[in-house]
Amino acid sequence: MPALFSSRFRPSRSSEPAGPALEPGAPLIRLRDVEKSHPAGTGRVYVLRHVSLDIQPGEFVSIMGPSGAGKSTLLSILGMFDGAWAGEYHFLGQPVHRLSVRERSALSKPAIGFVFQQYHLLDDLTVQENLDIPLSYRDVPKRERQALVADALDRFGIVGKKDLYPGQLSGGQQQLVAVARATIANPRVILADEPTGNLHSSQGREIMELFRALNEAGTTIIQVTHSESNAAYGNRTIQLRDGWVVDE
Ligand SMILES: Nc1ncnc2c1ncn2[C@@H]1O[C@H](COP(=O)(O)OP(=O)(O)OP(=O)(O)O)[C@@H](O)[C@H]1O
Ligand SMILES: [Mg+2]
């Protein structure tokens with residue numbers, strides 16, 4: 001198994017983080033009494049129960065718990081993919097629970113990078129075209145976009161792969177591109193749902209080392225993981241059981 005490239009990785013120092021400025025000491029993420037349920041027969045089945053959390057900028061948080069505990073559900077609420085929930089969510093000081101779909105998208109797209117277990121690259125775009133997508137959300141001029149893509153290809157050590165399609169890459173390489181894409185626009189936070197779940201252990205370690213480097217450069221990381229060794233990269237673990245936060 002050839003090693004990936006994280007030893008050559010350099011964090012970006014090129015652009016200011018996206019989104020409104022945060023007051024000193026204010027949490028990046030504040031959840032209060034967040035509840036999520038689905039209709040079931042005549043009643044409802046609850047997936048998240050009274051979840052209240054503060055996450056400060058610069059944290060590296062691991063969310064753990066058994067299958068079905070609500071981990072991915074919580075991450076999709078944090079990522080603002082899911083709007084059907086109750087309670088309060090403040091992101092960068094903004095009340096997400098009161099925002100329209102359009103306002104949520106304007107807030108989340110530049111500020112949040114997402115990494116999925118299944119990579120979710122666009123198969124009919126090349127590596128460099130995939131990397132360009134998040135820059136389009138930040139109104140970056142074309143020449144600067146090209147420079148940022150070239151810089152990311154270089155920092156992640158994937159210049160030689162730039163014209164290949166995702167189907168021509170290994171799983172580990174695809175996840176590396178997915179992490180590059182999630183970080184290229186310098187988001188405040190990276191949300192990662194079992195990012196190493198489909199990778200061999202050495203590739204998984206490379207991805208975790210990348211997260212560590214990004215976190216040391218100031219990016220907040222929130223990962224869902226079943227792995228104790230991945231969780232150990234974080235500074236804090238949140239345990240979910242049946243939708244309840246049971247332990248920190
Ligand atoms: N549309 C739906 N209707 C009813 N229940 C749902 C629906 N979508 C999700 N659920 C339930 O929500 C619960 C939490 O799902 P979620 O995907 O968040 O779990 P998870 O902790 O990420 O699990 P895993 O570790 O297996 O990925 C599950 O019990 C699931 O069955
Ligand atoms: Mg899940």
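Above: the structure in question.
Residues numbered from 1 in each chain as written. Chains lettered and ligands numbered in written order. Predicted model: local features only at pLDDT ≥ 70, side-chain atom pairs only at ≥ 80, totals over all residues.

Draft legend 1. Local environment of the nonpolar core. Counting residues in each nonpolar core, the largest one holds 62 residues, and the members touching the most others are A180 and L191. Here the element with the most residues in this core is helix α5 (residues 171-183); it accounts for 6 residues. Setting aside residues no more than four positions away along its own chain, L191 makes contact with L75, L78, G79, I112, F114 and I222. (Core = buried A, V, L, I, M, F, W, Y, C linked by C-beta atoms within 7 Å. Buried ≥ 20, exposed ≤ 12 C-beta atoms within 10 Å, placed from the backbone. Helix = DSSP H or I, 4+ residues; strand = E, 2+ residues; numbered from the N terminus. Contact = placed C-beta atoms within 7 Å.)

Draft legend 2. Region of interest: the site of ligand 1. Neighbouring residues of ligand 1: H38, V45, V47, G65, S67, G68, A69, G70, K71, S72 and T73. Those elements giving two or more residues to the shell around ligand 1 turn out to be β2 (43-55) and α1 (71-78). Across the shell around ligand 1, the residue classes tally to 3 nonpolar, 7 polar and 1 charged. (Near = placed C-beta within 6 Å. Nonpolar A, V, L, I, M, F, W, Y, C, P; charged D, E, K, R; others polar.)

Draft legend 3. The pairing of strand β10 (residues 244-247), seen in detail. Both strand β9 (residues 236-241) and β10 contribute to a ladder of 3 bridges, which runs antiparallel. The partner of Q239 across the bridge, within β10, is D247. Adjacent in sequence and paired antiparallel, β9 and β10 are bridged by 2 residues, among which D242 carries a positive phi angle near 50°. (Pairing = 2+ DSSP bridges.)

Draft legend 4. Fine view of the sheet that holds strand β5 (residues 94-95). Across the sheet, which stays open at both edges, the 4 strands sit in the order β2-β1-β4-β5 with antiparallel pairing between neighbours. The open sheet has two free edges, formed respectively by β2 and β5, since each of these has just one partner strand.

Draft legend 5. Here's a closer look at the environment of S108. Tracing the backbone shows S108 in helix α2 (residues 101-111). Residue class for S108 comes out buried when judged on the 25 C-beta atoms lying within 10 Å of it. Between the alpha carbons of S108 and V189 there is a distance of 9.8 Å; along the sequence they are 81 residues apart. Dropping the residues within four chain positions of it, S108 is found in contact with G79 and M80.

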